[in-house]
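Single-letter residue listing:
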Amino acid sequence: MAGCACDNDQFDGQSPAYKRALIAVIAINAVMFFVEMSAGFLGGSQALKADALDFASDTATYALSLAVIGAALRTRATAALIKGASLGLMALFVLITTIASAFGDASPAAPIMSGVGIAALAANVASVFILLRWRDGDSNVRSVWLCSRNDAIGNVGVITAGAVVWITGSFWPDLIVAALLAGLFAKSSFSIIAQAMQERRASLNFADGRI
């Protein structure tokens, strides 16, 4: 309904240009997951593995975002809830594995960390610019923007950690960045879930005739 208050003026993804942009970003994230996870195991970097998991999560959740474009507000909000919950679970997993790694003593390969981090940053900056014009919208659209932004921030952290590991020879910068990424994932998870819950309530109120 054109005057539905539950939809307001928030962009819901229904444009061919946005769908093409989302497909491009899905492809970028899928490729970078395999690249960065391989490099994480090769270089023994927890931060690279954490960032690779973020790429994997983004690939799956962006595909979900694409699938529900044009659906009812409640369906889109439910998809965003799933994405927010998965991001929260990933934050917990990264935090647990980072704590476990703190009991080791092997330093990651700094050149691999920084080199792959730069490649991942380039991929994520490209994704951010592709999605820039759609950074505001409903929870389904906004969650895509937040995840892309998180990736770019995370890559800067990985590159910085690689430089500090190279200078100091310590594995702690790698673990600290991984822990900070977990915190960033958790914060975005709460933000996505809060907006999605608000949209679900709005859709239910409209269905009940209270709007």
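Residues numbered from 1 in each chain as written. Predicted model: local features only at pLDDT ≥ 70, side-chain atom pairs only at ≥ 80, totals over all residues. Heavy atoms only, no water.

Caption draft 1: Seen up close, the packing of aromatic side chains. Applying the stated rule across the entire model yields two aromatic pairs. Both rings, one in Tyr18 and one in Trp134, keep their centres 5.3 Å apart while their planes meet at 70°; by these two values the pair is edge-to-face. With Tyr18 in helix 1 (residues 16–43) and Trp134 in the loop between helix 4 (110–131) and helix 5 (139–168), this residue pair connects regions lying 116 residues apart in the sequence. (Phe/Tyr/Trp six-rings, centres within 6.5 Å; stacked < 30°, edge-to-face > 60°. Helix = DSSP H or I, 4+ residues; strand = E, 2+ residues; numbered from the N terminus.)

Caption draft 2: Just the environment of Ala39, in detail. Among the structural elements, Ala39 can be located in helix 1. When its relative accessible area of 9% is taken as the criterion, Ala39 is described as buried. Between the C-alpha atom of Ala39 and that of Ala109, which follows or precedes it by 70 residues, the distance is 9.6 Å. Apart from the residues within four sequence positions on either side, Ala39 is in contact with Gly44, Leu48, Ile112 and Val116. (Buried < 20%, exposed > 50% of the residue type's maximum accessible area, 1.4 Å probe, protein only. Contact = heavy atoms within 4.5 Å.)

Caption draft 3: Broad picture of the confidence of the model for the protein. A residue-level look at the protein finds 91% of positions with pLDDT of 70 or above and a mean pLDDT of 80. Across the protein, the secondary-structure element scoring lowest on mean pLDDT is helix 5, at 79, and the one scoring highest is helix 1, at 90. Confidence drops under a pLDDT of 50 for residues 1–8, and excluding neighbours within four residues, the segment shows nine contacts in the predicted structure. (pLDDT = per-residue confidence, 0-100.)

Caption draft 4: Fine view of the nonpolar core. By size, the foremost hydrophobic cluster in this structure holds 39 residues, and its most contacted members are Tyr18, Leu22, Tyr62, Val94 and Phe185. Not counting residues up to four positions away in its chain, the partners in contact with Phe185 are Ala50, Asp54, Leu87, Met90, Ala91 and Val94. (Core = buried A, V, L, I, M, F, W, Y, C linked by side-chain atoms within 4.5 Å.)

Caption draft 5: Up close: the packing of helix 2 (residues 46–68) against helix 3 (residues 73–101). At a minimum axis distance of 10 Å, the contact between helix 2 and helix 3 shows a crossing angle of 170°. By the angle between their axes, helix 2 is roughly antiparallel relative to helix 3. (Axes fitted to C-alpha atoms, helices over the stretch in contact; angles between N-to-C directions. Parallel < 35°, antiparallel > 145°, perpendicular 65-115°, else oblique.)

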